[in-house]
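# Understanding the architecture of this molecule
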Amino acid sequence: MVKCIDITGLNYINIFKNLSFSIEKNNITSLSGPNNSGKTVLLKILSKQINTDGTINVLDKNINDYKITDYYKIVKTIIPLEEIFYYDTVEEELNYYINQLFLSKEETNKRLKNIQKNLFINKIKKKQIKELTDSEKVILQLALAVASMPKIILIDDLTYYLEHDDMKKIISYFRYLIKNYDVTILINSTRLEDILETDNLYILSDSEIILQGKPLEILQKDNILNKAGIKVPFMIDLSVKLKDYNLIDEVELDINRMIKRLWN
C-alpha cells in the first residue's frame, strides 16, 4: 500500500487517544462512526484548521512542515455549507475561481466543461447563489474544490446532502479524477449504503479504528457495528440474517432480486 496520509499517535482532548491509521493513495476512502466519534474533527485536523499532538504525514511529508499556502494547494476540504461565496451566480463564482488558477485557456475550458457536466453545474449555473438549495450549495463547494485538481480532497458527510443516484455519479467522477489527476479522496459518511462503491471503509469508535477493509465486507459485521451504535443498511442487515439461516449464500442489495431469489 502506498500511503497518502499516515496518522500515528493522534491525541485530541477527549476525542482521540493514540489514534493511528493510514489512507491509501489514489483511492476513495470512506470513514464512518457513531455521532460525536470525531469524524469532522479529524477532517479539520487534516486540513490544518486544528492543531493537535501526534504525527501526521501527508504525501511523505510532515503536515507541520508545509507552508499553509502550499498545503492548501494540494489539500482541499469540504465542510458542507461552511463555504463563503463572493459572487451572485454559480457561473460567476466558478469562473472567477478557476481563472485565479492561471491555467492555459485550453485547460481552463477543459476543466470548466468537465466540472459542469459531471457535477451537475449545467443545471444550476445561471442560478443566484442565494436561491440554491443546501444540496446545490454543496455541489458548488465540490466544484470549486475540484477545479484546482488538488492531490487530496477531504469531504465531510457528502452523502447526507445528495440523493443516492447523484452520489453514485459523483463516485464515478472521482474515479476519473483519480485516473487522470492523481487524486486521493476521503469521505466522511453517516449514510452507509452510499459508500459501498468506495475502495476502503474505516469505522471510527471510542478513539480508535475498530474495523477497516472493503465496505461490503465491513458492513456484514453487524454485531460489531450495532455494538458501536452504527445502523447497518437494511438490505445488508437482511442479507446477513438470511445467510445465517442458509436461505441465501451472498449479500443481495436489490430488494426485487432478493424477493425473486427467495420465491424461487
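Now for a look at the structure at hand. (Residues numbered from 1 in each chain as written. Predicted model: local features only at pLDDT ≥ 70, side-chain atom pairs only at ≥ 80, totals over all residues. Heavy atoms only, no water.)

### Focus: the pattern of salt bridges
For the coordinates displayed, the defined rule picks out nine salt bridges. For Glu 91, the salt bridge is made with Lys 126, and the minimal N-O distance between the two is 2.8 Å. Of the two residues, Glu 91 is situated in helix H3 (residues 90–99) and Lys 126 in the loop between helix H5 (121–124) and helix H6 (134–147); the sequence distance between them amounts to 35 residues. A residue is classified by how much of its surface remains accessible, and Glu 91, at 24% relative accessible area, is partly exposed. A residue is classified by how much of its surface remains accessible, and Lys 126, at 63% relative accessible area, is exposed. One salt bridge in this structure joins Lys 151 and Asp 182, with 3.6 Å as the shortest N-O distance. Of the two residues, Lys 151 is situated in the loop between H6 and strand S7 (152–156) and Asp 182 in the loop between helix H7 (164–181) and strand S8 (184–188); the sequence distance between them amounts to 31 residues. Here Lys 151 falls in the partly exposed class, since its relative accessible area comes to 30%. Judged by relative accessible area, which is 30%, Asp 182 ranks as partly exposed. (Salt bridge = Lys/Arg side-chain N within 4 Å of Asp/Glu carboxyl O. Helix = DSSP H or I, 4+ residues; strand = E, 2+ residues; numbered from the N terminus. Buried < 20%, exposed > 50% of the residue type's maximum accessible area, 1.4 Å probe, protein only.)

### Observations concerning the sheet that holds strand S5 (residues 61–62)
The strand order across the open sheet formed by four strands is S2-S1-S4-S5, and the pairing between neighbours is antiparallel. The sheet is open, and its two borders are formed by strand S2 (16–24) and S5, each paired with just one other strand. Bridge count between strand S1 (residues 3–12) and strand S4 (residues 53–58): five bridges; the pairing is antiparallel. Looking at the pairing, Asp 6 lines up with Asn 57 of S4. Contacts between helix H1 (residues 39–46) and the sheet are confined to S1, S2 and S4, with S1 contributing the most and set at about 115° to the helix. (Pairing = 2+ DSSP bridges. Contact = heavy atoms within 4.5 Å. Axes fitted to C-alpha atoms, helices over the stretch in contact; angles between N-to-C directions.)

### Here's the deal with the sheet that holds S8
The strand order across the open sheet formed by six strands is S6-S7-S8-S3-S9-S10, and the pairing between neighbours is mixed. Two strands close off the open sheet at either side, each with one partner strand: strand S6 (75–78) and strand S10 (208–213). Sheet twist, expressed as the mean angle between neighbouring strand axes with direction ignored, is 15°. Strands in contact with H6 are S6 and S7; relative to S6, the strand with the most contacts, it is inclined by about 180°.

These figures capture arrangement, not role.
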